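Below are the chains, spelled out letter by letter.
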Amino acid sequence: MEAGRDDLPPYDGGAVVEGIDRAFYGRRKGKRLRAGQEHRLAELLPHLRVSLPVAGEYIDPPSLFPHQTDEVWLEIGFGGGEHLAAQATQNPNVGIIGAEPFVNGVAKILRAVDDAELRNVRIWDEDATVLLAAIPDASLTRVYLLYPDPWPKRRQRKRRFVSDETLAEIARVLKPGGVFRFASDIDDYAGWTLVRAARCEALTWTAALAVDWNQAFLGWPGTRYEAKAIAAGRAPTYLEFRRAG
Ligand SMILES: C[S@@+](CC[C@H](N)C(=O)[O-])C[C@H]1O[C@@H](n2cnc3c(N)ncnc32)[C@H](O)[C@@H]1O
């Protein structure tokens, strides 16, 4: 989860989208899992996991959910899933896909899903770029990327999730008028994202006033990394981009 873990085994997936080799460089496993967590990973995850069609074909996002959904959203790198679970609870008619390869994070969201009997959450426990490649054009209403791993050292920056290629993919899967929401406590990463989004013709930054980027999104439940950043005295930046109609 933390940046700087060069000692970890690399993700072994291949290139999935032209120009994107992979975008997951973090830890897959942290603390030893408790029996209840292992049990949910074995018994509940298979029911919630998004399975991909054969290469070159797309999933049908609304059909992943057992009930009719008004919209489908994607959260990339949900960590412990606090934001995802809160959004799923507040928006029962929205289907939310969460992408997170860190198994302890997946175990946490499974507990939240189980406890609150959430029926509108589906999980992708691999690199989100693999999932993005299997999502049809113009099929999601929102995509969230919240406090992505900062990779602060210059030589590591190419590991950042945000790139011209991943932004193009996010824009491709958004419906016209759909939004991409990004938050970071690393000023340099917010600037990095603004520069790349400005090059992405399909995305427009919606901010008009400073409050639009220095105050949290309306109805925002927050995230664990955000709480850590604020406690450490770092001010988050909130960026929202709209997919051109
Ligand atoms: C710094 S944590 C932030 C977690 C959460 N969003 C929060 O704000 O508390 C970044 C998360 O992104 C996940 N991540 C990194 N690369 C990813 C990728 N390519 N696909 C999906 N998740 C990824 C990491 O495993 C990690 O849990």
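Cut-offs used in this document
Residues numbered from 1 in each chain as written. Predicted model: local features only at pLDDT ≥ 70, side-chain atom pairs only at ≥ 80, totals over all residues. Heavy atoms only, no water. UniProt positions renumbered as here; feature names shortened; annotations may be inferred. Helix = DSSP H or I, 4+ residues; strand = E, 2+ residues; numbered from the N terminus. Polar contact = N/O pair within 3.5 Å; in protein donor to acceptor, adjacent residues only side chain to side chain. Contact = heavy atoms within 4.5 Å. Near = heavy atom within 4 Å. Areas by Shrake-Rupley, 256 points an atom, 1.4 Å probe, with all protein chains shown as cover. Nonpolar A, V, L, I, M, F, W, Y, C, P; charged D, E, K, R; others polar. Buried < 20%, exposed > 50% of the residue type's maximum accessible area, 1.4 Å probe, protein only.

The name given to the protein in an unreviewed UniProt entry is tRNA (guanine-N(7)-)-methyltransferase, with Methylobacterium marchantiae as the source organism. Under Catalytic activity (unreviewed entry), UniProt gives the following word-for-word description of the protein: "guanosine(46) in tRNA + S-adenosyl-L-methionine = N(7)-methylguanosine(46) in tRNA + S-adenosyl-L-homocysteine".

A. Spotlight on the side chain of N120. Here N120 is to be found in the loop between α4 (103–116) and β3 (121–124). A distance of 3.0 Å separates the side chain of N120 from the backbone oxygen of V94, its partner in a polar contact. In this structure N120 touches F65, H67, A88, N91, P92, V94, G95 and I96, once residues within four positions along its chain are discounted.

B. Representation of the site of the ligand. In the neighbourhood of the ligand, 19 residues make up the surrounding shell, with A23, G77, E100, L146 and T223 lying closest. Between the ligand and D127 there is a distance of 2.9 Å, counted from a nitrogen atom to a side-chain nitrogen or oxygen. T223 places a polar side-chain atom, nitrogen or oxygen, 2.6 Å from an oxygen atom of the ligand. Calculation on the ligand without its partners gives an accessible area of 590 Å², and the protein chains cover 97% of this total. Partitioned by chemical class, the residues of the shell around the ligand number 12 nonpolar, three polar and four charged.

C. Spatial organisation of the UniProt feature "binding site: S-adenosyl-L-methionine" (unreviewed entry) in the protein. Under the UniProt annotation, the feature "binding site: S-adenosyl-L-methionine" (unreviewed entry) is placed at E75, E100, D127 and D149. The named residues occupy 75 residues along the chain; their greatest pairwise C-alpha distance, 14.2 Å, places them in one compact cluster. On the secondary structure map, E75 appears in strand β1 (residues 71–76). If we skip the residues at most four places from it in the chain, E75 touches H83, L84, I97, G98, A99, Y144 and L146. Mapped onto the elements, D149 comes out in the loop between β4 (140–146) and α6 (164–173). With a relative accessible area of 25%, D149 lands in the partly exposed category.

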